[in-house]
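Topology and contacts: notes
Chain by chain, the residues run as shown.
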Amino acid sequence: MNRRSHFFFALELPNACKDELEGWAGKIKEAYSFKSWVHPLDYHITLAFLGAAQEERLKTACDVIEASLTESEPLMLRINGLGTFGQKESPRILWADAEATKEMRHIRKMVYDACLEAGFELDAKPFVPHITLARRSKNAIEPNSIIERGRELPAIEAQKIEHIVLYRTDTEKLPKYEPLVRFTLGG
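Now for a look at the structure at hand. Nothing here was measured: the structure is a model prediction, and the numbers come from that model.

Details of the sheet that holds strand E1 (residues 6-12)
One open sheet accounts for four strands, arranged E3-E1-E9-E10; its pairing is antiparallel. Pairing within the sheet leaves two strands with one partner each, and these edge strands are strand E3 (44-51) and strand E10 (177-184). Averaged over all pairs of adjacent strands, the angle between their axes in this sheet comes to 25°, without regard to strand direction. Judged from the seven bridges that link them, strand E9 (residues 163-169) and E10 form a sheet pairing that is antiparallel. Counted as the bridge partner of tyrosine 167 is proline 179 from E10. On the sheet, helix H3 (residues 102-117) packs against E1, E3 and E9 and is oriented at approximately 15° with respect to E3.

Pasting the structure below:
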């Protein structure tokens, strides 16, 4: 394999949540055209994107995360509609909005700090928890229409999140995110 793998830590969504989000994506596809739609098994909430990584640094980050999890608990995920990144008229990313609870922010900080301790250089942008559904709009979109469309979608019941996962990206496969290490919150 001559391409470089990329790695990231994320909150793993329960299958029931992935199924509901797939239903949302199906309804959105009727109204909007994007170049690529995320495979439902790849839905997640990124906590720290590492890029290419040395095995030693990955191991160090995993060890620190595992040691830090003894005081953590599973958290509840609430999804609050849709959002976009990029230009409103031609979004780069379409996403489902994950509520940034105190517990989620705590877990994200713990993972982020573990990665810094392991020597990774991370994006310093504020944490915006989201689940990517699609990438690169093909057509012009009326500003705010996606957010309004999100309000029309059926509610997704609050979901219990129990795992943090270290994923490796393989862009030649579907799903393209391979779980390498799974950590249980609270255990």
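This is not the end of the story, as more comes after the structure.
Considerations on the state of the cysteines
Under the counting rule described, the total for this entry stands at zero disulfides. The closest cysteine sulfur to the non-disulfide-bonded cysteine 115 is located on cysteine 62, 8.3 Å from its own sulfur.

Comments concerning the sheet that holds strand E5 (residues 79-87)
The four strands lie next to each other as E2-E7-E6-E5, forming an open sheet whose pairing is antiparallel. Here the strands that pair on one side only, and so sit at the sheet edges, are strand E2 (34-37) and E5. Each adjacent strand pair in this sheet contributes to an overall mean axis angle of 25°, direction not counted. Pairing of E2 with strand E7 (residues 130-137) involves three bridges; the strand directions are antiparallel. When the bridges of E7 are listed, phenylalanine 34 appears paired with serine 137. Against the sheet, helix H1 (residues 15-29) engages E2, E5, strand E6 (90-98) and E7, with an angle of about 55° to E5. Against the sheet, helix H4 (residues 145-152) touches E2, E5 and E6, its axis set at about 165° to E5.

Focus: the pairing of E7
The buried fraction of E7 amounts to seven of the eight residues, a majority that puts the element mostly inside the structure. By the bridge criterion, five bridges tie E6 to E7 in an arrangement that is antiparallel. Bridge pairing in E7 places leucine 94 opposite alanine 134.

Regarding the packing of aromatic side chains
For the coordinates displayed, the defined rule picks out six aromatic pairs. Measuring from centroid to centroid gives 5.2 Å for phenylalanine 8 and tyrosine 167, while their planes differ by 25°, and the two rings are stacked. Of this pair, phenylalanine 8 sits in strand E1 while tyrosine 167 sits in strand E9, and the two are 159 residues apart along the sequence. Each of the two residues, phenylalanine 8 as well as tyrosine 167, counts as buried. Chaining the aromatic ring pairs together yields one cluster made of Phe8, Tyr167 and Tyr177.

Parameters at a glance
Residues numbered from 1 in each chain as written. Predicted model: local features only at pLDDT ≥ 70, side-chain atom pairs only at ≥ 80, totals over all residues. Heavy atoms only, no water. Pairing = 2+ DSSP bridges. Helix = DSSP H or I, 4+ residues; strand = E, 2+ residues; numbered from the N terminus. Axes fitted to C-alpha atoms, helices over the stretch in contact; angles between N-to-C directions. Contact = heavy atoms within 4.5 Å. Disulfide = S-S within 2.5 Å. Buried < 20%, exposed > 50% of the residue type's maximum accessible area, 1.4 Å probe, protein only. Phe/Tyr/Trp six-rings, centres within 6.5 Å; stacked < 30°, edge-to-face > 60°.

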